[in-house]
Amino acid sequence: METKQSYGEFAAVYDELMTDIPYETYVELVMTATAGLRGKRILDIGCGTGLLSVQLAKQGADVTGIDLSADMLAVAEKRAQALSLPVKFVQQPMQQLAGVTGYDAAVIAIDSLNYLQEREEVLSTFRNIHAALVVGGTLLFDVHSTFKTDVIFMEGPFTFDNGRIAYIWETEEGEHPHSVYSELAFFIQEQNDAYRRFDEVHTQRTFPVHDYVNMLEEAGFSIERVFADWEDLAPDEESERIFFQVRK
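Here the structure is a predicted model, which means the values were calculated and not measured.

Draft legend 1. Representation of the overall build of the protein within the structure. Helix and strand counts for the protein stand at 7 helices and 11 strands. Expected size for 248 residues packed as a compact globule is a radius of gyration near 18 Å; at 18 Å, the protein falls within 12% of this value. Referenced to the eigenvectors of the C-alpha coordinate spread, the extents of the protein come out at roughly 55 × 45 × 30 Å. Sorting the 248 residues of the protein into buried and exposed places 50% on the buried side. Here the protein has roughly 11,300 Å² of accessible surface; of this, 48% comes from carbon and sulfur atoms. The centroid of the 19 positive side-chain charges in the protein is displaced by 9 Å from the centroid of its 41 negative side-chain charges.

What follows is the structure, encoded as structure tokens:
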């Protein structure tokens, strides 16, 4: 996950909040798109704490994780080392991706791309990934639908409490079309049973499907398939997560 701020304390609780994400399904999607992972060079862009990176590496892929947050990457490096997996991690903003070439595939998972606010940033990201891939290389990513940003996120505030971590998540419309501004207050239980609070601010933006298609084609990609909500089905007006599989 990528944002313009340091995640700081959020990195320590991130994994507990992502337990409902089917990373194994993402691995299967990448495996299908690349006709197998063993020996393939994979870029995991917006890799966060490396949850997907290590799963790809377990399947024999040569993985490089890219993220803006040093705090997230510190967790990712410890995770890979604990599993004796040779994953390389690089701190870099995705829209300024540089110094990476010859990759068979790139992944931008779990709406990380939505942290970019401007169309030119998204287009720059696509162009840089195109340059990083070999001919025939694949890009797979997912984004929030406009229905999710414009309708579902506006149904907040949202709350969560698993006994150790609790949060209150308040949302409102962002500055740009199809964007959401979020303020989150986290409460973490300490060993003395007292709760420590810290706050995060996040802004995400998405674009209609046809806008992403236009940007991808402008960057030089061919569209292979567009599907929704972890299923091999075309997006509809109430889809929440849109997936794109494209090829150089």
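Now, onward.
Draft legend 2. Here's a closer look at the pairing of strand β11 (residues 241-247). Most of β11 sits inside the fold, with 6 of its 7 residues counted as buried. Looking at chain direction, strand β10 (residues 222-228) and β11 are connected through 6 bridges and run antiparallel. Bridging across to β11, Ser 222 finds its partner in Arg 247.

Draft legend 3. Spotlight on the sheet that holds β10. Here 7 strands make up an open sheet; going across it, the order is β3-β2-β1-β4-β5-β11-β10 and the pairing mixed. The outermost strands of the open sheet, each flanked by one partner alone, are β3 (88-91) and β10. Here the average twist between neighbouring strands, direction ignored, is 15 degrees. Direction of pairing for strand β4 (residues 103-108) relative to strand β5 (residues 133-144): parallel, over a ladder of 5 bridges. Of the residues in β5, the one forming a bridge with Val 107 is Leu 140. Docked against the sheet, helix α2 (residues 23-34) engages β4, β5, β10 and β11, running at close to 150 degrees with respect to β5. Across the sheet, helix α5 (residues 119-132) is in contact with β1 (41-45), β4 and β5; its angle to β5 comes to roughly 145 degrees.

Draft legend 4. Layout of the packing of α5 against helix α7 (residues 209-218). At a minimum axis distance of 9 Å, the contact between α5 and α7 shows a crossing angle of 45 degrees. On the basis of the axis angle, α5 is oblique to α7. Considering only the axes of α5 and α7, their crossing is right-handed. Between α5 and α7, the contacting residues are Arg 119, Val 122, Leu 123, Phe 126 and Arg 127 on the first element and Tyr 212, Met 215, Leu 216 and Glu 218 on the second. Here the contact of α5 with α7 is composed, by residue class, of 6 nonpolar, no polar and 3 charged.

Draft legend 5. Main features of the packing of α2 against helix α3 (residues 51-58). For the pair α2 and α3, interaxial distance at closest approach is 10 Å and the crossing angle is 50 degrees. Considering the angle they form, α2 stands oblique to α3. Note on packing geometry: the crossing formed by α2 with α3 is right-handed. Between α2, through Tyr 23, Glu 24, Tyr 26, Val 27 and Val 30, and α3, the contact on the second element is made entirely by Leu 51, Leu 52, Gln 55 and Leu 56. Of the residues belonging to the contact of α2 with α3, the class tally is 7 nonpolar, 1 polar and 1 charged.

Draft legend 6. The sheet that holds strand β8 (residues 179-189), seen in detail. Within the open sheet, the 4 strands sit side by side as β6-β7-β8-β9. Their pairing is antiparallel. The two strands at the open ends of the sheet, each matched to only one other strand, are β6 (158-161) and β9 (195-205). With direction set aside, neighbouring strand axes in the sheet form an average angle of 15 degrees. Bridge analysis of strand β7 (residues 165-173) against β8 gives 9 bridges, and the strand direction is antiparallel. For Ile 168, the partnering residue across the bridge sits in β8 and is Ala 185.

Draft legend 7. Inspection of the side chain of Ser 53 at higher detail. In this fold, Ser 53 is placed in helix α3. Apart from residues no more than four positions distant in its own chain, Ser 53 is found in contact with Asp 44, Cys 47, Val 63, Gly 65, Val 87 and Phe 89.

Draft legend 8. Summary view of α5. In a regular helix each residue adds 1.5 Å, so 14 residues correspond to 20 Å; α5 covers 20 Å between its end C-alpha atoms and thus fits that length. Residues of α5 that are buried include every one of Glu 121, Val 122, Leu 123, Thr 125, Phe 126, Ile 129, His 130 and Ala 132, and no others. Next to the buried residues of α5 lie β1, β4, β5 and α7.

Cut-offs applied
Residues numbered from 1 in each chain as written. Predicted model: local features only at pLDDT ≥ 70, side-chain atom pairs only at ≥ 80, totals over all residues. Heavy atoms only, no water. Helix = DSSP H or I, 4+ residues; strand = E, 2+ residues; numbered from the N terminus. Rg over C-alpha atoms; globule rule 2.2 N^0.38 Å. Buried < 20%, exposed > 50% of the residue type's maximum accessible area, 1.4 Å probe, protein only. Areas by Shrake-Rupley, 256 points an atom, 1.4 Å probe, with all protein chains shown as cover. Lys, Arg positive; Asp, Glu negative; His and termini not counted. Charge placed at Lys NZ, Arg CZ, Asp CG, Glu CD. Pairing = 2+ DSSP bridges. Axes fitted to C-alpha atoms, helices over the stretch in contact; angles between N-to-C directions. Contact = heavy atoms within 4.5 Å. Parallel < 35°, antiparallel > 145°, perpendicular 65-115°, else oblique. Left-handed = near helix turned anticlockwise from the far one by under 90°. Nonpolar A, V, L, I, M, F, W, Y, C, P; charged D, E, K, R; others polar. Expected span 1.5 Å × (residues − 1).

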